[in-house]
Amino acid sequence: MLSAAELLQELLDRARPLDESETIGLADARNRILAEGLTSYISVPPMDNTAMDGYAVRSHDCKLPDATLRVTQRIAAGQMGRQLHKGEAARIFTGAPVPPGADAIVMQEDTSLEGEGVTVYKVPHPGDHIRRAGEDIQPGTSVLTPGTRLKGPELGLAASIGRTEAKVFRQLRVAMFSTGDELAEPGRPLKPGQIYNSNRATLKGLLTGLGVEVVDLGVVADTRDATIKAIESAMRLADVILTTGGVSVGEEDHVKAAVEELGRIDIWKVAMKPGKPVVYGRVGDADFIGLPGNPVSAFVTFCLFARPFLLKRMGASQVLYRAYPVRAAFDWNKPGKRREFLRGHVVTGEDGAGEVRLYPNQSSGVLTSAVWADGLVDIEIGQIVIRGEWVRFIPFSELVD
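Residues numbered from 1 in each chain as written. Predicted model: local features only at pLDDT ≥ 70, side-chain atom pairs only at ≥ 80, totals over all residues. Heavy atoms only, no water.

Draft legend 1. Highlighting empty space enclosed by the protein. Throughout the structure, instances matching the rule amount to 1 cavity of 30 Å³ or more. Volume-wise, the largest cavity comes out at about 40 Å³. Contributing to the lining of the largest cavity are Arg32, Ile33, Phe169, Arg170, Gln171, Leu172, Gly211 and Met314. Partitioned by chemical class, the residues of the lining of the largest cavity number 4 nonpolar, 2 polar and 2 charged. (1 Å grid on protein atoms, 1.4 Å probe; cavity = no way out; pocket = protein on both sides within 12 Å on 5 of 7 lines; lining within 4 Å. Points joined across faces, edges and corners; volume = space filled by probe spheres on them. Nonpolar A, V, L, I, M, F, W, Y, C, P; charged D, E, K, R; others polar.)

Draft legend 2. Summary view of the environment of Leu358. As for its position among the elements, Leu358 is in strand β24 (residues 354–358). Residue classification places Leu358 among the buried residues on the basis of a relative accessible area of 19%. Between the C-alpha atom of Leu358 and that of Glu6, which follows or precedes it by 352 residues, the distance is 26 Å. Apart from residues no more than four positions distant in its own chain, Leu358 is found in contact with Phe330, Trp332, Leu342, Arg343, Gly344, Trp372 and Val377. (Helix = DSSP H or I, 4+ residues; strand = E, 2+ residues; numbered from the N terminus. Buried < 20%, exposed > 50% of the residue type's maximum accessible area, 1.4 Å probe, protein only. Contact = heavy atoms within 4.5 Å.)

Draft legend 3. Representation of the packing of helix α1 (residues 4–14) against helix α6 (residues 295–314). Remark: α1 packs on α6, axes separated minimally by 9 Å, with the N-to-C direction vectors making an angle of 20 degrees. With respect to α6, the axis of α1 lies roughly parallel. Two packed elements cross with a definite hand, and for α1 against α6 that hand is right-handed. On α6, the residues that touch Ala4, Leu7, Leu8, Leu11, Leu12 and Arg14 of α1 are Leu304, Phe305, Pro308, Phe309 and Lys312. Tallied by class, the residues present in the contact of α1 with α6 amount to 9 nonpolar, no polar and 2 charged. (Axes fitted to C-alpha atoms, helices over the stretch in contact; angles between N-to-C directions. Parallel < 35°, antiparallel > 145°, perpendicular 65-115°, else oblique. Left-handed = near helix turned anticlockwise from the far one by under 90°.)

Draft legend 4. Fine view of the environment of Gly293. Along the chain, Gly293 turns up in the loop between β21 (286–291) and α6. Note: C-alpha distance between Gly293 and Ser364 (71 residues apart in sequence) is 9.5 Å. Apart from the residues lying within four places of it in its own chain, the contact partners of Gly293 are Asn199, Thr244 and Gly245.

Draft legend 5. Representation of the packing of aromatic side chains. Taken as a whole and assessed by the stated rule, the structure comprises 3 aromatic pairs. Considering the side-chain rings of Phe299 and Phe396, the 5.4 Å spacing of their centres and the 75 degrees angle between planes classify their relative orientation as edge-to-face. One end of the pair, Phe299, is in helix α6; the other, Phe396, is in the segment after β26 (390–395), and 97 residues separate them in sequence. Accessibility expressed as a relative area gives 12% for Phe396, which makes it buried. Sitting over the face of the ring of Tyr55, Arg91 holds its NZ or CZ atom 5.2 Å from the ring centroid. Stacked on the ring of Trp268, the Lys or Arg Lys256 has its end atom at 4.3 Å from the ring centre. (Phe/Tyr/Trp six-rings, centres within 6.5 Å; stacked < 30°, edge-to-face > 60°. Lys NZ or Arg CZ within 6 Å of the ring centre and 35° of its normal.)

Draft legend 6. Here's a closer look at the packing of helix α4 (residues 224–237) against helix α5 (residues 255–262). Here α4 crosses α5 at 55 degrees, and the two axes come no closer than 9 Å. It follows from the interaxial angle that α4 and α5 lie oblique. By crossing handedness, the relation of α4 to α5 is classed as right-handed. Here Arg224, Thr227, Ile228, Ile231 and Glu232 of α4 lie close against α5, whose contacting residues are Val255, Ala257, Ala258, Val259, Glu261 and Leu262. The class makeup of the residues in the contact of α4 with α5 is 7 nonpolar, 1 polar and 3 charged.

Draft legend 7. Examining the sheet that holds strand β8 (residues 111–114) more closely. What the 6 strands build is an open sheet, ordered β7-β4-β6-β5-β9-β8; its pairing is mixed. Looking at which strands have only one partner, the edges of the open sheet turn out to be β7 (104–107) and β8. Taken over all neighbouring pairs, the strand axes of this sheet differ in orientation by 40 degrees on average, direction set aside. One ladder, built from 5 bridges, connects strand β5 (residues 67–75) with strand β6 (residues 88–92); its direction is parallel. Opposite Gln73, over in β6, you have Ala90 as the bridge partner. (Pairing = 2+ DSSP bridges.)

Draft legend 8. Inspection of the layout of surface pockets at higher detail. Taken as a whole, the largest pocket spans an internal volume of roughly 670 Å³. In this structure, the largest pocket is lined by 45 residues; those nearest its centre are Asn294, Pro295, Ser297, Ser364 and Gly365. Only β13 (173–179), β15 (195–196), α6 and β23 (339–348) provide two or more residues apiece to the lining of the largest pocket. Of all the elements, β23 adds the most residues to the lining of the largest pocket, at 4 residues.

Right, dumping it as structure tokens:
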């Protein structure tokens, strides 16, 4: 068996980034990957503007507290002010351009207005509360590089330099199906021996959030012929085939054998818990990733292995998740022969510091644990944890969407 680190590296070594691209509007570009970087041709902000509601002044006129100035103009955001002369002030609102002659903004809380005169109680300094032209972005600056995944902040940054379109890699097509005669679709009555299919909803949600084009082939019967037909269909439709179940060694596990008949298996099994049976192979031009059937195992192995693989295939430059040290609020006296990823929830300890607690039932079939938790506690092979020690924690914010 490969270690978890070895499996991840082997998958990333085999991930072939897309080379086909298209130009689309920013409104449709969420979660897409930039194929071409974006450079700004303007300054952001384009002019000096105020960061506060207050008064634009010449600091030289307010060398002492309680200076009184004559208010000669009112400048709202989007309006241009006139030249400010000696002894004058301009009423100004957040985002408005600073008028010529002014070199400081006095917050309205530090003033009082009576008639046309404003008294400045606090001595201003040149530059106070002024956002300078180009302090965010200078013309010619590369603001987003190829391989960047476009989420909310990135889309906003592109819009801030006036862009309406972006050149992105085409969407990766991922075909998915589940195996198992015991699976019933939600909304249908359960027959004896059946359970509802949660993996289909989980993976479809994860894939949709990732930004790929999902080809949902539903549930495939537990027969060799049905499995082969499903894979043959998937390999014609998609770049990557993702399945849950059927990759172990049972007599009813047909997926691995079907992939071997149609293509090849390069990787099988990983020394981790949950999720020992993980398969990678190729069928035709499509990559194949087979995940375990247990709901938590499918979720965890997707997050830790399939997601980075898919991101690299999509053309993303940042594909690896980050882990952070968190204090353990538990004892772990079960040193195992496999690396374990435990569902944990970070809370505030009695001393005000963060600490992570474990869900009481770490079974791979208890999907409630994945909803209760906000991340995974990474326990190395043979590791023992004593309450209060630091452990490695991977938040779900690094693994989902």
